[in-house]
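Observations on the model geometry
In case you want the letters, here they are:
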Amino acid sequence: MPYGDAMNARVRSEERRAEIVRAALEVIAERGYRGASLGAVAERVGLTQQGLLHYFPTKDALLVAVLQERDQWDAVPNTRWRVDLLASLVEYNAMRPGIIQTFSALLGESVTEGHPARAYFTERYVQVRANMAEMLRAEYGDRLPNGLSPERTAPLLVAVMDGLQYQWLLDPESVDMPGAFRDFLSLLGENPAAPEAPGVTD
């Protein structure tokens, strides 16, 4: 095959793979991973199931591609995470509910034994907590104004981000996800003093 034809074929293959991944994101968001079949994904992109297997030989291989694609969208090239970038990420997530729905559906299912995404999410959270602790240390040093260390604060920060996503997906009209996250960030920098007893003065 001439070089130019080979390059064109490779580009078409990559475009087709990207189309399949997008379709898988939609189907998983609608039905969850266990309810999403390769046949449903294939139908959405106008392929037979056998045709889809040419690009992704197993359902698990397609799941890995979906998760990798999602991570690419959240990547911050050539820089380290900062607190202000986290707030921007939450605002960005509020503009793409389908992606967040897919991620949240997979995350919820992955806690069950034997789920193909369990190892991915376990390893991901180890890395995310480490990244958040590093970011907090760069921002605040070894101790935040609230008295906690970066390592103790990092799991709380991650929990707020993911927990807000679930609440927002369930009731977007009532939950201001970006606003609530900014409120939480304000708590990181506060050092609340104990209230004075009535009538006590210095």
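Preceding this section is the structure that the text describes.
Residues numbered from 1 in each chain as written. Predicted model: local features only at pLDDT ≥ 70, side-chain atom pairs only at ≥ 80, totals over all residues. Heavy atoms only, no water.

**Concerning the overall build of the protein**
- Of regular secondary structure, the protein possesses 9 helices and 0 strands.
- Traced from its N-terminal end to its C-terminal end, the protein shows the element sequence α-α-α-α-α-α-α-α-α.
- Residues classed as buried in the protein amount to 36% of the 202 residues present.
- Residue pairs at least 24 apart in sequence account for 62% of intrachain contacts in the protein once pairs closer than 6 positions are excluded.
- Carbon and sulfur atoms form 53% of the exposed surface of the protein, whose accessible area is close to 11,900 Å². (Helix = DSSP H or I, 4+ residues; strand = E, 2+ residues; numbered from the N terminus. Buried < 20%, exposed > 50% of the residue type's maximum accessible area, 1.4 Å probe, protein only. Contact = heavy atoms within 4.5 Å. Areas by Shrake-Rupley, 256 points an atom, 1.4 Å probe, with all protein chains shown as cover.)

**Considerations on the side chain of Ser110**
- Looking at the element boundaries, Ser110 is found in the loop between helix H6 (97-109) and helix H7 (118-140).
- A distance of 2.8 Å separates a polar atom in the side chain of Ser110 from the backbone oxygen of Leu107.
- Ser110 has contacts with His115, Ala117, Arg118 and Phe121, leaving out every residue within four places of it along the chain. (Polar contact = N/O pair within 3.5 Å; in protein donor to acceptor, adjacent residues only side chain to side chain.)

**Details of the layout of surface pockets**
- Roughly 160 Å³ of volume is contained in the second largest pocket.
- Forming the walls of the second largest pocket are Glu14, Arg17, Ala18, Val21, Arg22, Phe56, Ala65, Gln68 and Glu69.
- Among the elements that make up the lining of the second largest pocket, the one with the highest residue count is helix H1 (residues 3-35) (5 residues).
- Within the lining of the second largest pocket, the residues separate by chemical class into 4 nonpolar, 1 polar and 4 charged. (1 Å grid on protein atoms, 1.4 Å probe; cavity = no way out; pocket = protein on both sides within 12 Å on 5 of 7 lines; lining within 4 Å. Points joined across faces, edges and corners; volume = space filled by probe spheres on them. Nonpolar A, V, L, I, M, F, W, Y, C, P; charged D, E, K, R; others polar.)

**As for helix H8 (residues 150-170)**
- An ideal rise of 1.5 Å per residue puts 30 Å on 21 residues; H8 measures up with 30 Å between its terminal C-alpha atoms.
- The set of residues buried in H8 consists of Pro150, Thr153, Ala154, Leu157, Val158, Met161, Asp162, Leu164, Gln165 and Trp168. For H8, the buried positions fall inside an angular range of 160 degrees around the axis, keeping them on one side. Along H8, exposed side chains directed more than 90 degrees from the buried face belong to Arg152 and Leu170. (Expected span 1.5 Å × (residues − 1). Arc of directions from axis to C-beta.)

**Quick word on the nonpolar core**
- Counting 53 residues, the largest nonpolar core has Leu157 and Phe181 as its most contacted members.
- Of all the secondary-structure elements, those providing two or more residues to this core are H1, helix H2 (38-44), helix H4 (59-74), helix H5 (83-93), H6, H7, H8 and helix H9 (177-188).
- Top element by residues in this core is H1. It accounts for 8 residues.
- Discounting residues that sit within four places of it in the chain, Phe181 has contacts with Leu86, Ala87, Val90, Leu157, Val160, Met161 and Leu164. (Core = buried A, V, L, I, M, F, W, Y, C linked by side-chain atoms within 4.5 Å.)

**Focus on the pattern of salt bridges**
- Under the counting rule described, the total for this entry stands at 8 salt bridges.
- Glu26 is paired through a salt bridge with Arg44; the nearest N and O atoms lie 3.3 Å apart. Separated by 18 residues along the polypeptide, Glu26 in helix H1 and Arg44 in helix H2 bring together distant segments of the chain.
- Among the ionic pairs, Arg182 bridges to Glu91, the shortest N-O distance being 3.0 Å. A residue pair is termed long-range when its members are at least 10 positions apart, and Arg182 in helix H9 and Glu91 in helix H5 qualify at 91 residues.
- When its relative accessible area of 41% is taken as the criterion, Arg182 is described as partly exposed.
- Exposure remark for Glu91: the relative accessible area of 36% places this residue in the partly exposed category.
- A cluster of three or more residues bridged by salt bridges with shared partners is formed by Glu26, Glu30 and Arg44. (Salt bridge = Lys/Arg side-chain N within 4 Å of Asp/Glu carboxyl O.)

**A closer look at empty space enclosed by the protein**
- Summed over the entire model, instances satisfying the criterion amount to 1 cavity of 30 Å³ or more.
- The volume enclosed by the largest cavity comes to roughly 80 Å³.
- What lines the largest cavity is Ala24, Val27, Ile28, Tyr33, Ala36, Ser37, Leu38, Val41, Lys59, Leu62, Leu63 and Val66.
- The set of elements that each furnish at least two residues to the lining of the largest cavity consists of H1, H2 and H4.
- Within the lining of the largest cavity, the residues separate by chemical class into 10 nonpolar, 1 polar and 1 charged.

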